Amino acid sequence: MPRPYVRSLALAAAAALIQLMAPAPATADSVVIGGSPVDISQSPWTVALSSRDRFGGTRAGQFCGGVVVDRSTVLTAAHCLSAAVLGAPPGRVRDLKVIADRTDLTSSQGKEIPVTSTWVNPQYNSYTNTGDFGVLTLATPLPAGSVIPMAPAGDPAYTPGTPATVYGWGDVTGNATYTSSLRAAGLQVLTDATCEKAYPGGLDGRYVASSMLCAGAPEGGHDACQGDSGGPLVANGRLIGVVSWGSGCGQPGRPGVYTRVSEAVKVLGGGH
Ligand code: ARG
């Protein structure tokens, strides 16, 4: 009877994931946090990363988000590809897939695309969370309409106060309530000073403006949460952030921290 074993493995993996990703206990009472349901057709660049072997089949093995930045290239968070999350180096996770064009993970809508190779930013530092991005190469390309452009350095979309939207299948309460249907939350780009003040270093981590982007709702209540990592933060139709970390979810004074996509553009090139 492999089932209990598989289940406990999946639970252990989920527990490891939650511990890894929640530096502080999360409490928030609204839903992503403070969001609402969206259809995948509204954000066809949003994909789910999946391994049923590791995370179980209930939600199609979803464990992180990703974003289509080229027809065969998915950008995600480097920490999503760590052995701590996957239980093995990403190249050894044989059922690692990208799920595209699917709103509800419990449906069979869209496509499940095998990953042919993975690349983790060599500058990624798992202790400081700087450089938190990596790339998956797809076995078959997605339509050009699924690709979102990455905002290069200097793009006005990075200006504090710009409205931005985060997408994901992650925790909607801060208490490990994972949604099966895609959600989006409306945020705004916050100043670096806001996150430098919130995260000066220590237990909650340190915000490094050159590599990270601060976004949230000034009064809290709207945020990404566990399971949203690797997914997109979009402003003015361009990708500006990748969900990376935060303290709890949706708490006032504890904004979300995103990988600054202009840093990925520098490494990957604007062609992606
Ligand atoms: N590290 C989390 C993940 O892997 C994302 C946390 C984002 N938290 C936040 N409050 N914005 O899913």
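Note that the coordinates shown come from a computational prediction; the quantities given were computed from them, not determined experimentally.

S.K.: For this particular structure, what's the right way to read the overall build of the protein?
M.R.: Of the regular secondary structure elements, the protein holds five helices and 13 strands. By the burial criterion, 56% of the 272 residues in the protein qualify as buried. Looking at the protein as shown, the accessible area adds up to about 11,200 Å², and 55% of this sits on carbon and sulfur atoms.

S.K.: Honestly, the state of the cysteines in this entry has me stumped. Any pointers?
M.R.: Inspection of the entire model under this criterion finds three disulfides. Each sulfur in the disulfide pair Cys 64 and Cys 80 lies 2.0 Å from the other. As the torsion about the S-S bond is roughly -85°, the Cys 64-Cys 80 disulfide counts as left-handed. Note that Cys 64 is positioned in strand β3 (residues 62-70) and Cys 80 in the loop between β4 (73-76) and α3 (83-86), a separation of 16 residues in sequence. By relative accessible area, which is 0% here, Cys 64 ends up buried. With a relative accessible area of 0%, Cys 80 lands in the buried category. Described in terms of the sequence order of its bonded cysteines, the disulfide pattern of the protein is 1-2, 3-4, 5-6.

S.K.: How do you make sense of the pattern of salt bridges when you look at a structure like this?
M.R.: In a structure, side chains of opposite charge can pair up when their charged atoms sit close to one another. Here the structure, examined in full by the defined rule, presents eight salt bridges. For the salt bridge of Asp 192 with Arg 260, the shortest nitrogen-to-oxygen distance reads 3.1 Å. Here the residue Asp 192 occupies a position in helix α4 (residues 192-198), and Arg 260 occupies one in strand β13 (residues 256-260), the gap between them amounting to 68 residues. Residue classification places Arg 260 among the buried positions, given a relative accessible area of 12%.

S.K.: Is there a simple way to explain the nonpolar core in this structure?
M.R.: The nonpolar side chains of a soluble globular protein tend to be buried, and buried together. One finds Phe 63, Leu 75, Val 166, Leu 233, Leu 239, Ile 240 and Tyr 258 to be the most contacted residues of the largest nonpolar core, which totals 63 residues. Ranked by residue count, the leading element in this core is β3, at five residues. Apart from the residues lying within four places of it in its own chain, the contact partners of Val 166 are Val 32, Arg 183, Ala 184, Ala 185, Leu 187, Ala 224, Pro 232, Leu 233, Val 243 and Tyr 258. Among the nonpolar cores identified, the runner-up in size contains eleven residues, and Cys 195, Val 208, Ala 209 and Val 257 belong to it.

S.K.: Looking at this structure, how should I read the sheet that holds strand β5 (residues 97-100)?
M.R.: Either a parallel or an antiparallel arrangement is found when strands of a sheet pair, and the pairing is made through backbone hydrogen bonds. Sheet architecture is closed into a barrel: six strands sit in the order β2-β3-β4-β7-β6-β5, paired in antiparallel fashion. Going from strand to strand, the sheet's axes swing by 40° on average, the running direction of each strand aside. Bridge analysis of strand β2 (residues 46-50) against β5 gives three bridges, and the strand direction is antiparallel. Across the sheet, Ala 48 pairs through a bridge with Ile 99, a residue of β5.

S.K.: Honestly, the side chain of Arg 59 in this entry has me stumped. Any pointers?
M.R.: As for its placement among the helices and strands, Arg 59 is situated in the loop between α2 (52-55) and β3. No salt bridge is formed by the buried Arg 59; its nearest oppositely charged neighbour, Asp 228, is found at 7.4 Å. Engagement of the side chain of Arg 59 in a polar contact is seen with the backbone oxygen of Thr 179, the distance being 2.9 Å.

S.K.: Whenever I open this one, helix α5 (residues 261-268) confuses me. Can you help?
M.R.: Residue pairs three or four apart in sequence face the same way in an α-helix, which turns once every 3.6 residues. The set of residues buried in α5 consists of Val 261, Ser 262, Ala 264, Val 265 and Leu 268. Axial view of α5: buried residues confined to an arc of 155°, hence all on one face. On its buried face, α5 is in contact with β4, β6 (111-120), β7 (134-138), β12 (238-245) and β13. Just downstream of α5, Gly 269 is the residue with a positive phi angle, here 90°.

S.K.: Where do I start with the environment of Ala 215 in this structure?
M.R.: Inspection of the secondary structure assignment puts Ala 215 in strand β10 (residues 212-216). Ala 215 sits in the buried class, given a relative accessible area of 0%. Taking C-alpha positions, Ala 215 is 4.9 Å from Leu 190, a pair spaced 25 residues apart along the chain. Look past the residues within four positions of Ala 215 in its chain and what remains in contact with it is Leu 187, Gln 188, Val 189, Leu 190, Leu 233, Pro 255, Gly 256 and Tyr 258.

S.K.: How should I be thinking about the pairing of β7 in this particular structure?
M.R.: The side chains of a regular strand alternate between both faces of the sheet. Within β7, four of the five residues are buried, which leaves it mostly tucked inside the rest of the structure. Both β4 and β7 contribute to a ladder of four bridges, which runs antiparallel. In the sheet register, Thr 76 faces β7, and the bridge partner there is Gly 134. Here β6 runs beside β7; their pairing, made up of five bridges, is antiparallel. Residue pairing across strands places Trp 119 opposite Val 135, the latter belonging to β7.

S.K.: Mind showing me how you'd approach the packing of aromatic side chains here?
M.R.: We describe a pair of aromatic rings using the distance from one ring centre to the other and the angle between the two ring planes. Under the definition given, this model contains four aromatic pairs. Measuring from ring centre to ring centre gives 4.6 Å for Phe 55 and Phe 63, while their planes differ by 15°; the resulting arrangement is stacked. Both residues of the pair, Phe 55 and Phe 63, count as buried. Here the aromatic rings of Trp 119 and Phe 133 are separated by 6.2 Å at their centres, their planes lie at 40°, and the arrangement is tilted. In this pair, Trp 119 is assigned in strand β6 and Phe 133 in the loop between β6 and β7, connecting sequence segments 14 residues apart. Above the plane of the ring of Phe 55 lies Arg 54, whose end atom (NZ or CZ) is 5.9 Å from the centre.

About the thresholds
Residues take numbers from 1 onward in each chain, read along the sequence in its written order. For a predicted model such as this one, the threshold for reporting local features is a pLDDT of at least 70, and the threshold for listing and counting side-chain atom pairs is 80 or more; totals across whole chains, interfaces and linings nevertheless cover every residue. Calculated side-chain values reflect all of the structure's heavy atoms, with hydrogen atoms and water omitted. Secondary structure elements are defined from DSSP: runs of H or I of at least 4 residues count as helices, runs of E of at least 2 residues count as strands, and each element is numbered from the N terminus. Remark: exposure states derive from per-residue accessible area (1.4 Å probe, protein chains only) relative to the maximum for the residue type, with buried under 20%, exposed over 50%, and partly exposed in between. Each accessible area is a Shrake-Rupley result for a 1.4 Å probe, and residues are judged covered by the shown protein chains and nothing else. In this description, a disulfide is simply a cysteine sulfur pair whose atoms lie within 2.5 Å. For salt bridges, the criterion is a side-chain nitrogen of Lys or Arg within 4 Å of an Asp or Glu carboxyl oxygen. Nine residue types can take part in a nonpolar core, namely buried Ala, Val, Leu, Ile, Met, Phe, Trp, Tyr and Cys, and a core is a set of them joined through side-chain atoms within 4.5 Å. When checking whether two residues touch, look at their non-hydrogen atoms; a contact exists if any pair is within 4.5 Å. At least two bridges found by DSSP between two strands is the condition for calling them paired. Structural elements are reduced to axes, namely lines fitted to C-alpha atoms, with helices fitted over the stretch in contact, and the angle between N-to-C directions of any two is expressed from 0 to 180 degrees. Counting rule for charge: Lys and Arg are taken as positive, Asp and Glu as negative, and neither His nor the chain ends is counted. In protein, a polar contact requires one atom able to donate a hydrogen and another able to accept it; more generally it is a pair of N or O atoms within 3.5 Å, and residues adjacent in sequence count only if both atoms are side-chain atoms. The arc in question is the one spanned by the directions pointing from the helix axis to the C-beta atoms. The aromatic pairing rule takes the rings of Phe, Tyr and Trp, using the six-membered ring of Trp, and pairs them if the centres are within 6.5 Å, calling planes under 30 degrees apart stacked, those over 60 edge-to-face and the rest tilted. Two conditions define a charge located above a ring, namely a distance within 6 Å from the ring centre to NZ of Lys or CZ of Arg, and an angle within 35 degrees of the ring normal.

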